[in-house]
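Examination of the molecular architecture
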Amino acid sequence: MATVVGVQNGVEVYNQTISIADMVGGGHSRFRLPSYLPVAPGEIVWTVTLSDDDADMDTGTASTRIDP
């Protein structure tokens, strides 16, 4: 499973969980998520967490700046 969360101005504005499969040896995998159209200015901090049944935490973050 992969969960994508977007937080903007201290408010969760996006939360989507999808089922994913690891393509071992197949290089990069791509997945499509529903789009999100921001309605307010401010930075959105995106966090992706993968749950792959091992002991470590698999997370990544990115940000998007929304100008008025």
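As a reminder, the structure under discussion sits directly above these lines.
Counting of residues starts from 1 at the beginning of each chain's written sequence and follows it residue by residue. Local features in this predicted model are restricted to residues whose pLDDT is 70 or higher, and side-chain atom pairs enter the listing and the counts only when it is 80 or higher, whereas totals over whole chains, interfaces and linings include all residues. In computing side-chain values, all of the structure's heavy atoms are included and hydrogens and water are not.

Examining the environment of Gln8
Numbering goes from the N terminus for both helices and strands, where a helix is a DSSP run of H or I of at least four residues and a strand is a run of E of at least two. As for its position among the elements, Gln8 is in strand β1 (residues 2-8). Any two residues having at least one pair of non-hydrogen atoms within 4.5 Å are treated as being in contact. Discounting chain neighbours no more than four positions away, the residues touching Gln8 are Val13, Tyr36, Ala40, Pro41, Gly42, Glu43, Ile44 and Ile66. At a separation of 3.2 Å, a polar atom in the side chain of Gln8 contacts the main-chain carbonyl oxygen of Gly42. For the purposes of these results, a polar contact is taken to be a pair of N or O atoms within 3.5 Å, where, inside protein, one atom must be able to donate a hydrogen and its partner to accept one; residues adjacent in sequence count only when each atom of the pair is a side-chain atom.

What to know about the environment of Ser19
Within the secondary structure layout, Ser19 lies in the loop between β2 (11-18) and β3 (42-50). Using a 1.4 Å probe on the protein chains alone, a residue whose accessible area is under 20% of its type maximum counts as buried, one over 50% counts as exposed, and one in between counts as partly exposed. Residue classification places Ser19 among the exposed positions, given a relative accessible area of 61%. Placed 18 residues apart in sequence, Ser19 and Met1 show a C-alpha to C-alpha distance of 4.5 Å.

Considerations on the packing of aromatic side chains
Two rings from Phe, Tyr or Trp (for Trp, the six-membered ring) form a pair when their centres are within 6.5 Å of each other. A pair whose planes differ by under 30 degrees is stacked, one over 60 is edge-to-face, and the rest are tilted. Enumeration according to the criterion identifies 3 aromatic pairs in this entry. Geometrically, the ring pair formed by Tyr14 and Trp46 is edge-to-face, given 5.5 Å between the ring centres and 75° between the ring planes. Of this pair, Tyr14 sits in strand β2 while Trp46 sits in strand β3; the two residues are 32 residues apart in sequence, bridging distant segments of the chain. The pair Tyr14 / Trp46 is uniform in exposure class, with both members buried. With a centroid separation of 6.3 Å and 75° between ring planes, the pair formed by Tyr36 and Trp46 is classed as edge-to-face. Placement of the pair is Tyr36 in the loop between β2 and β3 and Trp46 in strand β3, with a sequence separation of 10 residues. What makes Trp46 buried here is its relative accessible area of 19%. Taken together, the aromatic side chains of Tyr14, Tyr36 and Trp46 make up a single cluster linked through ring pairs.

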